[in-house]
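Each chain is listed here by its residues.
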Amino acid sequence: MKLGRLNHIGVATPSIEQSIAFYRDVMGAETVHMPFDLPAQGVKVCFVDTPNTQIELIEPLGEDSPIHGFLAKNPAGGQHHVCYEVPDIHEAKTWFEAKGARVLGEPRIGAHGTLIFFVHPRDMGGVLTEIMESPQQGDEH
Ligand SMILES: CC[C@H](C(=O)O)C(=O)SCCNC(=O)CCNC(=O)[C@H](O)C(C)(C)COP(=O)(O)OP(=O)(O)OC[C@H]1O[C@@H](n2cnc3c(N)ncnc32)[C@H](O)[C@@H]1OP(=O)(O)O
Ligand SMILES: [Co+2]
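About the criteria used
Residues numbered from 1 in each chain as written. Chains lettered and ligands numbered in written order. Predicted model: local features only at pLDDT ≥ 70, side-chain atom pairs only at ≥ 80, totals over all residues. Heavy atoms only, no water. pLDDT = per-residue confidence, 0-100. Salt bridge = Lys/Arg side-chain N within 4 Å of Asp/Glu carboxyl O. Buried < 20%, exposed > 50% of the residue type's maximum accessible area, 1.4 Å probe, protein only. Helix = DSSP H or I, 4+ residues; strand = E, 2+ residues; numbered from the N terminus. Phe/Tyr/Trp six-rings, centres within 6.5 Å; stacked < 30°, edge-to-face > 60°. Lys NZ or Arg CZ within 6 Å of the ring centre and 35° of its normal. Near = heavy atom within 4 Å. Polar contact = N/O pair within 3.5 Å; in protein donor to acceptor, adjacent residues only side chain to side chain. Areas by Shrake-Rupley, 256 points an atom, 1.4 Å probe, with all protein chains shown as cover. Nonpolar A, V, L, I, M, F, W, Y, C, P; charged D, E, K, R; others polar. Donors = N, O, S within 2.8 Å, 3.2 Å for Na, K, Ca; no water. Tetrahedral: all angles 85-135°; square planar, octahedral: opposite > 155°, others 65-115°.

### What about the confidence of the model for the chain?
Thinking step 1. Per-residue pLDDT for the chain averages 96, and the proportion of residues at 70 or more is 96%.
Thinking step 2. Scored as a complex, the prediction yields pTM 0.96 and ipTM 0.97.

If you want it as structure tokens, here you go:
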């Protein structure tokens, strides 16, 4: 498997609205996409475009959100995960499992509408890593 494009950097926040204001007013973001809920993944999501990737702002959605634990430890939020693109999500899952890394659950639809999975941070040098099947050519990034 080859290291693919950095699709986004996930940033957990207690308030997407406050983080949008920060990226717009302090960081000078020009394109902030409409926030949307991903109930199946327990997060509210907002993508902020940078010239070569995106910031994915994530806020807990529901009692079982997987980011409650992270925000309990980091109440102001923080860098949560990185996401790389792969051409074939199933091949990538087999690759990481063969390397002895813990793939968390089965591939499921992520925020860009393609299949994703996560690899446990303890097996990834401390970085929670999301692997995402590349959008079809021509889709918005
Ligand atoms: C999918 C929609 C969207 C998209 O892009 O498509 C998203 O990206 S949604 C993102 C939110 N969803 C997830 O994060 C799902 C995967 N995450 C998990 O399953 C958990 O967060 C998990 C298992 C990584 C951590 O579980 P928990 O929060 O309960 O923490 P633990 O105390 O069990 O942590 C164990 C160990 O891992 C360290 N840890 C936890 N979170 C992170 C992190 N974000 N980055 C780095 N390290 C992390 C934690 O400190 C513990 O380390 P230890 O050395 O044992 O103290
Ligand atoms: Co993500």
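Once you've had a look at it, read on.
### Considering the pattern of salt bridges
Where charged atoms from two side chains of opposite charge approach closely, those side chains can pair.
Thinking step 1. Counted under the stated rule, the structure contains six salt bridges.
Thinking step 2. The partner of K44 in a salt bridge is D37, and the shortest N-O contact between them spans 3.7 Å.
Thinking step 3. The class for K44 is partly exposed, based on a relative accessible area of 24%.
Thinking step 4. The salt bridge involving D123 is made with R102; its shortest N-O contact spans 2.8 Å. One end of the pair, D123, is in the loop between β7 (115-119) and β8 (129-133); the other, R102, is in the loop between α3 (89-98) and β6 (103-109), with 21 residues separating them in the sequence.
Thinking step 5. Taking relative accessible area as the criterion, R102 reaches 38% and is therefore assigned partly exposed.
Thinking step 6. Here the residues in one salt-bridge network are K93, E97 and E106, joined through shared partners.

### Remarks on the packing of aromatic side chains
Thinking step 1. Considering all chains together, one arrives at three aromatic pairs under this definition.
Thinking step 2. Summarising the aromatic geometry, the rings of F22 and Y23 are spaced 5.1 Å apart at their centres and angled 85° between planes, so their arrangement reads as edge-to-face.
Thinking step 3. In this structure F22 comes out as partly exposed when scored by relative accessible area, which is 37%.
Thinking step 4. Take Y23: its relative accessible area is 16%, and that puts it in the buried class.
Thinking step 5. With centroids separated by 6.4 Å and ring planes inclined at 35°, the aromatic side chains of F36 and F47 adopt a geometry described as tilted. Of the two residues, F36 sits in strand β2 (residues 36-38) while F47 sits in strand β3 (residues 43-49), which places them 11 residues apart along the sequence.
Thinking step 6. F36 gets classed as partly exposed once you look at its relative accessible area, which sits at 28%.
Thinking step 7. Positioned over the ring face of W95 is K99, at 4.5 Å from the centre of the ring.

### Side note on the site of ligand 1
Thinking step 1. Taken together, 24 residues lie near ligand 1, and E56, H80, A111, R122 and E130 sit nearest.
Thinking step 2. A distance of 2.5 Å separates an oxygen atom of ligand 1 from a polar side-chain atom of E56.
Thinking step 3. The contact in question runs from an oxygen atom of ligand 1 to an N or O atom on the backbone of A111, over 2.7 Å.
Thinking step 4. Coverage of ligand 1 by the protein chains reaches 69% of its 1,100 Å² of free accessible surface.
Thinking step 5. Sorting the residues of the shell around ligand 1 by element identifies β4 (54-60), α2 (68-73), β5 (78-86), β6 and β7 as the ones contributing at least two each.
Thinking step 6. Here the shell around ligand 1 is composed, by residue class, of 12 nonpolar, seven polar and five charged.

### Overview of the coordination of the cobalt ion (ligand 2)
Perfect tetrahedral coordination of a metal by four donors corresponds to 109.5 degrees between them, and perfect octahedral coordination by six donors corresponds to 90 or 180 degrees.
Thinking step 1. The protein atoms donating to the cobalt ion (ligand 2) are H8 (NE2), E56 (OE), H81 (NE2) and E130 (OE), with metal-donor distances spanning 2.1 to 2.3 Å.
Thinking step 2. Around the cobalt ion (ligand 2) sit six donor atoms, and with donor-metal-donor angles ranging over 79 to 173° the site reads as octahedral.
Thinking step 3. In primary-sequence terms, the residues that donate to the cobalt ion (ligand 2) follow H-x47-E-x24-H-x48-E. On the criterion of sequence distance, the pair formed by H81 in strand β5 and E130 in strand β8 is long-range, its members being 49 residues apart.
Thinking step 4. Judged by relative accessible area, which is 2%, H81 ranks as buried.
Thinking step 5. For E130, a relative accessible area of 4% corresponds to the buried category.

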